[in-house]
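Here are the chains, one letter per residue:
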Protein chains: 4
Amino acid sequence: MKIGMLTSGGDCQGLNSALRGVAKTLYNELGSTVTIYGIRDGYRGLIEADYRQMNPQDFSDILTLGGTILGTSRQPFKEMRKITEDSEETKLEKMLRTVDHEGFDCLVILGGNGTHKTAHLLSQHGVNVVTLPKTIDNDLWGTETTFGFQSAINIASTVIDSIHSTAFSHSRVFIVEVMGHKAGWLTLYAGIASGADIIVIPEIPYSAEKIAQAIEKRERNGKRFSILAVAEGAISQEEAAMSKKAFKAAREQMPYPSISYRIADELKALTGQEIRVTIPGHYQRGGAPCPADRLLTTRFGVAAAQLIRQKKFGYMVALQSNHIVPVPLSEVAGKLKTVPPDGEIVRAARALGLSMGD
Amino acid sequence: MKIGMLTSGGDCQGLNSALRGVAKTLYNELGSTVTIYGIRDGYRGLIEADYRQMNPQDFSDILTLGGTILGTSRQPFKEMRKITEDSEETKLEKMLRTVDHEGFDCLVILGGNGTHKTAHLLSQHGVNVVTLPKTIDNDLWGTETTFGFQSAINIASTVIDSIHSTAFSHSRVFIVEVMGHKAGWLTLYAGIASGADIIVIPEIPYSAEKIAQAIEKRERNGKRFSILAVAEGAISQEEAAMSKKAFKAAREQMPYPSISYRIADELKALTGQEIRVTIPGHYQRGGAPCPADRLLTTRFGVAAAQLIRQKKFGYMVALQSNHIVPVPLSEVAGKLKTVPPDGEIVRAARALGLSMGD
Amino acid sequence: MKIGMLTSGGDCQGLNSALRGVAKTLYNELGSTVTIYGIRDGYRGLIEADYRQMNPQDFSDILTLGGTILGTSRQPFKEMRKITEDSEETKLEKMLRTVDHEGFDCLVILGGNGTHKTAHLLSQHGVNVVTLPKTIDNDLWGTETTFGFQSAINIASTVIDSIHSTAFSHSRVFIVEVMGHKAGWLTLYAGIASGADIIVIPEIPYSAEKIAQAIEKRERNGKRFSILAVAEGAISQEEAAMSKKAFKAAREQMPYPSISYRIADELKALTGQEIRVTIPGHYQRGGAPCPADRLLTTRFGVAAAQLIRQKKFGYMVALQSNHIVPVPLSEVAGKLKTVPPDGEIVRAARALGLSMGD
Amino acid sequence: MKIGMLTSGGDCQGLNSALRGVAKTLYNELGSTVTIYGIRDGYRGLIEADYRQMNPQDFSDILTLGGTILGTSRQPFKEMRKITEDSEETKLEKMLRTVDHEGFDCLVILGGNGTHKTAHLLSQHGVNVVTLPKTIDNDLWGTETTFGFQSAINIASTVIDSIHSTAFSHSRVFIVEVMGHKAGWLTLYAGIASGADIIVIPEIPYSAEKIAQAIEKRERNGKRFSILAVAEGAISQEEAAMSKKAFKAAREQMPYPSISYRIADELKALTGQEIRVTIPGHYQRGGAPCPADRLLTTRFGVAAAQLIRQKKFGYMVALQSNHIVPVPLSEVAGKLKTVPPDGEIVRAARALGLSMGD
């Protein structure tokens, strides 16, 4: 049995431990009847037939290793059916040719939303595929939790924790910009977990006036400081009312490298205070996976290996009601799981007295 | 509305953030119509009417604080109905008198198994009770996860992680003793998350011979070291076959301060190797709660406050299928949730090639 | 004996443990003959006579607490001799009046460069002063190490560590902006400690071309990524050649919220690659002091208390050749300790093959 | 130029970053004229001629890796001149033969006290040797600080930090046993850094009565708990008065796996309280080096490489007065650096009101 493995899209914590989970289970249960190939840099390696044979030692000592030993790259789904520059084939055709040429019995694909669209496409074209849900954004449909999410929460929370002491000492307002372009899970969870006072997520467009009021209310209540957790995909209520095109044009004109600097200026104008900005950036997706992600990826990896043994292809392994279950790729691909603005967690934040910036 | 709060039994991470979640929600939603009393050292404070009025500031800046600001103590359930030395009352009667005298409209009780038996007893005697599930052991019935559990996993995993490098460098066998007298959740989860090679839990009695064989198999496979994660409640297959009385007698004779030293001696006799023992002990239950526990306790706290507002008493807040739900105390009290020896997680460990020591 | 304590300037890790060290030693050795007053928000509290009597419990449980329990503020030295708006006195006169009115036998002052200028001024006007050297920048003259420095190194290093895995996975160039406006100690130490490839500090003006060449050299050597540690006070070689005035004017026009974004644009123009920027910001000065800073602040605190007992005033406690020594304020005030561009540490970086961006 | 490298004795944090520092500097400055050999498992590999040629990639990505990529072993100095079982040579002769046969121009040796005695012996027999001072115990003569020491302090301090919250919550007495058989540096530094109340080190024999008094004094002062940091080499005042032989005999009879359990029993008898014991054990020497150790090892590594280039052999690189200096092996070998019982740090501990158990 020949298995090809690849990791695609933005990297996150737990990719290596997930690869290890799949590989250790396959080697342990199938022994020398299985051969695993590591495809380099995600779909790029599949397109360009760039892969190497792995052996059991390759998967030793990588449980806590950050990043991915296979490398990754972004290969936009919309380019998959376009003719490539260097040949008359599309990227899709090249990938199918690689699978066919090497005779891969199955591809194990780790990735997020974009990755799953392409995985589904491969599946529709007859490739045996099993996928694992990876993203710090937790915005993948069909699973309660993706891996990387908890590790990123831990990092973002630690940053906000530390800001507390300096905010208190100086009586200041701070913005911590948390990753998440389309979904606010990470900002919301990290914000609550670290005691942020105001949480701004893409799903709930913000009003600078409302945020300024929340800051001023805290001051009236004798609080020396306010901390905002702002998702990098935050949008204002004005922007939310725009057409997609107008929004895109407005953002291209935005004279800030990221949204937090704009919000800082808006709040400065409204409150007269200096607002400090912290951008932990890719720090949130690097480094060792947390133990929860190591356990989750191991469970996902074992489950993926078992789907392979059962020749049950076309599924993503997922966590539902605390159980690992297979979910058909057709139910996952192309769907985004965002924060319900009136869900339990947002209501809990409001019950505590936090502002959602609206 | 007068609310009494207490934390009982062994302390763990997240007690303060849970208290904060309840209090902040009550203060935010009920304002000055609610008064919260902090009962000192668990049921002891209720028995001895030792409590003080809290105010909102008491719950500020405690989100990440380890331990419990209220103190805790162990008050065995079996003594609750006994006449106390200093009076003609039982402990139960004293507690009922305190509730009655102060006019507590509700008690918020944070604790584990023993605590819940007493909470249920109070509820049966007419006290309005809402409880929160606390224990690093995760052995409380009715909830998928207790708070403290993930924080303890993180610590135990970190210890085992670190042992890896020294084990590798020296080609040695190491035992890390993980907390858990009756349930092996913590050992199992931390063991898998940190790549332990052999995991010994109370639910699966161990055979020293089988462990020695697992160590020797690893050596034959060229591995330089083996790491055992052993629950402090580990028992041998011989002991598992004993009567309760014989077991208790045997353990009282055991010339070791804890089980890992005995296993180390057993393995030394079988393999001829020195075995190093690490006992992280109470380190596992101290310090700041991890972000996952801070979020979980906040959600539990908000939910408990809402039960109080709805005058829905006699419930524990619990996590089921990723939702916060109320569970009647009668369904929780006196039941222990242990690791199913053939459940998904144990099967995942075996699929990876780990030994469960049996 | 009446002691006033204050913390001034930017906060950092270790302020509370330093206060604790002074206070515990005074209480332990002088007992009830000493009274300690906590002056709020640095020199502001001294100017406005805003302070409160402390007691031993105030200094319990603060060893690991971030920030400062006394609060802090920035009070520019150059304003000290100016007449204040609300009276005919200068700030200096107001401070002297507070000291005189309360009868403080000694002020214990924790701060960095600006703080020490004012402390020296107070000392010159007859106030008994003992100071402790605080700053994450390590740029205070007269001491090998300031407290806060090692804690900040740890945080900046951890950020850069984590960026490594994502940089490797994606084959990218990353900039991590490290605190330090005038001195590059933090960037240099954290950069070496975390394996940054290119280190840019204020003391060694950078050439964007040279940095681009260093990146390209790494690519030619088969390295998938490059990580730059850039001090927030980094300046280009062009800027270094400017007059102070021209430089200031140029910077006011700079359309970036901080220097790293400009360097990213410069490098993008030269290399054609996207450069990712991470700004950990105040995260670097918040949170618990590391054990090394807790030990150092405790040693400083004990030494300061002993100077007070010996009535040896006008000194800063300092670390020299691993010993705690008193240094006259006149030797400290107004001097900046910057990184020697040809010192051992810079030479070590170059010996390893790192680029200093020049 | 042929360089052999080995790591010997107990492992600790920073071995890999030190190896990297030496290797990167040699490769960077000498290019292809240098060949580095990795000798396996310390002197064992030198005795048995077990080594392999390294290349630059071997030293990539190991800056934060715990343990040693070369492996280590303990080879007692007193056996070096004994005839080995399998030949007519001594171990020393075998090592000299390996050096001669391979033509090593220099050996780079990383180790602690025992290692340095053997390194000196090799040097006396004409081998070109440069050494680096490694040990979490910090007990090596000639250097203010060894690497591994600060990393171990961080871990031991973190354990004691965490015990604080549980100790407070439960009103209990805790012992944390810290590594260090002959020297108390680690216990002393970690104990002060983490706010231990009683510190017991080998250099200051303890009195159980005095410790019990210190505990009781704390209780009288209203403290709910006491935490003891006890070095694993702690000895009682009775034992200190014994002859070496009598002491050894007494210890062989000691029915405890380590000293903390005995002290716990002694204190239980004196105070009537249960004492909880935590043994972090090898956790203290495993895992990633802290940033301070990474910087120190890098500086040591660069300095060692420069001694090699200068053909200055027979030296250990050391830290003195914050400078890296070479120290002749003859001044280092066979000497132990222990804590001066009346030195600054012990006096600081006493000034704070801590008990040294005497």
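Residues numbered from 1 in each chain as written. Chains lettered and ligands numbered in written order. Predicted model: local features only at pLDDT ≥ 70, side-chain atom pairs only at ≥ 80, totals over all residues. Heavy atoms only, no water.

J.: Break down the overall build of chain A for me, with residues and values.
T.: On a plain count of helices and strands, chain A comes out with 13 helices and 11 strands. Its C-alpha atoms give chain A a radius of gyration of 22 Å, near enough to 21 Å, the size a compact globule of 358 residues would have. The C-alpha extent of chain A, read off along each of the three principal axes, is 70 × 40 × 30 Å. Among the 358 residues that make up chain A, the fraction classed as buried is 64%. Across chain A, the fraction of contacts at a sequence separation of at least 24, relative to all contacts at a separation of at least 6, is 71%. Of the side-chain charges in chain A, 40 are positive and 38 negative, and the distance between the mean point of each set is 3 Å. (Helix = DSSP H or I, 4+ residues; strand = E, 2+ residues; numbered from the N terminus. Rg over C-alpha atoms; globule rule 2.2 N^0.38 Å. Buried < 20%, exposed > 50% of the residue type's maximum accessible area, 1.4 Å probe, protein only. Contact = heavy atoms within 4.5 Å. Lys, Arg positive; Asp, Glu negative; His and termini not counted. Charge placed at Lys NZ, Arg CZ, Asp CG, Glu CD.)

J.: Just give me the short version of the relation of the copies chain D and chain C, but keep the residues and values in it.
T.: Relating one copy of the chain to the other takes a rotation about an axis and a shift parallel to that axis. Once chain D is rotated about the relating axis by 180° and shifted along it by 0.0 Å, it coincides with chain C to within an RMSD of 0.0 Å. Given the turn and translation reported, the copies of this chain are related as if by a two-fold rotation axis. If distances are taken from each C-alpha of chain D to the rotation axis, the shortest is found for Ser-321 of chain D, at 1.9 Å. By residue overlap, the copies meet face to face through one surface: 100% of the interface positions of chain D are interface positions in chain C. (Least-squares fit on C-alpha atoms with pLDDT ≥ 70 in both.)

J.: Residue-level account of the relation of the copies chain C and chain A, with values.
T.: It takes a turn of 180° to lay chain C on chain A, together with a shift of 0.0 Å along the axis; the resulting RMSD is 0.0 Å. Comparing contact sets, 100% of the residues at the interface of chain C also lie at the interface in chain A, consistent with an isologous, same-surface contact.

J.: Give me the confidence of the model for chain A: which residues, what numbers.
T.: Taken residue by residue, chain A gives an average pLDDT of 96. The fraction at 70 or more is 100%. Two summary scores accompany this predicted model of the complex, namely pTM at 0.97 and ipTM at 0.96. (pLDDT = per-residue confidence, 0-100.)

J.: Quick rundown of the packing of aromatic side chains? Include the residues and the values.
T.: Summed over all chains, the structure comprises 32 aromatic pairs over all chains. Here Phe-149 of chain A and Tyr-189 of chain A contribute two aromatic rings whose centre-to-centre distance is 5.2 Å and whose plane-to-plane angle is 55°, an arrangement assigned as tilted. Of the two residues, Phe-149 of chain A sits in helix 5 (residues 149–170) while Tyr-189 of chain A sits in helix 6 (residues 185–193), which places them 40 residues apart along the sequence. Here Phe-149 of chain A and Tyr-189 of chain A have matching classes, each one buried. Residues Tyr-51 of chain B and Phe-104 of chain B carry aromatic rings whose centres are separated by 5.4 Å and whose planes lie at 70° to one another, so their mutual orientation is edge-to-face. Residue Tyr-51 of chain B is found in strand 3 (residues 51–53), and its partner Phe-104 of chain B is found in the loop between helix 3 (91–102) and strand 4 (106–111); the two are separated by 53 residues along the sequence. (Phe/Tyr/Trp six-rings, centres within 6.5 Å; stacked < 30°, edge-to-face > 60°.)

J.: A description of unusual backbone geometry should follow, citing residues and the corresponding values.
T.: Residues and elements named next belong to chain D. A positive phi angle is found at Asp-41, which is not glycine, with a value near 55°. For Asp-41, the location among the structural elements is in the loop between strand 2 (35–39) and helix 2 (43–47). By relative accessible area, Asp-41 is classed as buried at 11%.

J.: Give me the sheet that holds strand 4 (residues 106–111) of chain A: which residues, what numbers.
T.: Residue and element names in this part refer to chain A. Here seven strands make up an open sheet; going across it, the order is 3-2-1-4-5-10-11 and the pairing mixed. Of all strands in the sheet, those with a lone pairing partner are strand 3 (51–53) and strand 11 (323–328), marking the two edges. When strand polarity is set aside, the average angle formed by the axes of neighbouring strands in this sheet is 25°. Pairing geometry for strand 2 (residues 35–39) and strand 3, over three bridges, is antiparallel. Paired with Ile-39 across the strands is Tyr-51, a residue of strand 3. (Pairing = 2+ DSSP bridges. Axes fitted to C-alpha atoms, helices over the stretch in contact; angles between N-to-C directions.)

J.: How would you summarise empty space enclosed by the protein if you had to cite specific residues and measurements?
T.: For the structure shown, the criterion picks out one cavity of 30 Å³ or more. Approximately 30 Å³ is the volume attributed to the largest cavity. Surrounding the largest cavity, Gly-191, Ile-192, Gly-195, Ala-196, Leu-352 and Leu-354 of chain A together with Arg-20 and Thr-298 of chain B form its lining. Grouping the constituent residues of the lining of the largest cavity by class yields four nonpolar, three polar and one charged. (1 Å grid on protein atoms, 1.4 Å probe; cavity = no way out; pocket = protein on both sides within 12 Å on 5 of 7 lines; lining within 4 Å. Points joined across faces, edges and corners; volume = space filled by probe spheres on them. Nonpolar A, V, L, I, M, F, W, Y, C, P; charged D, E, K, R; others polar.)

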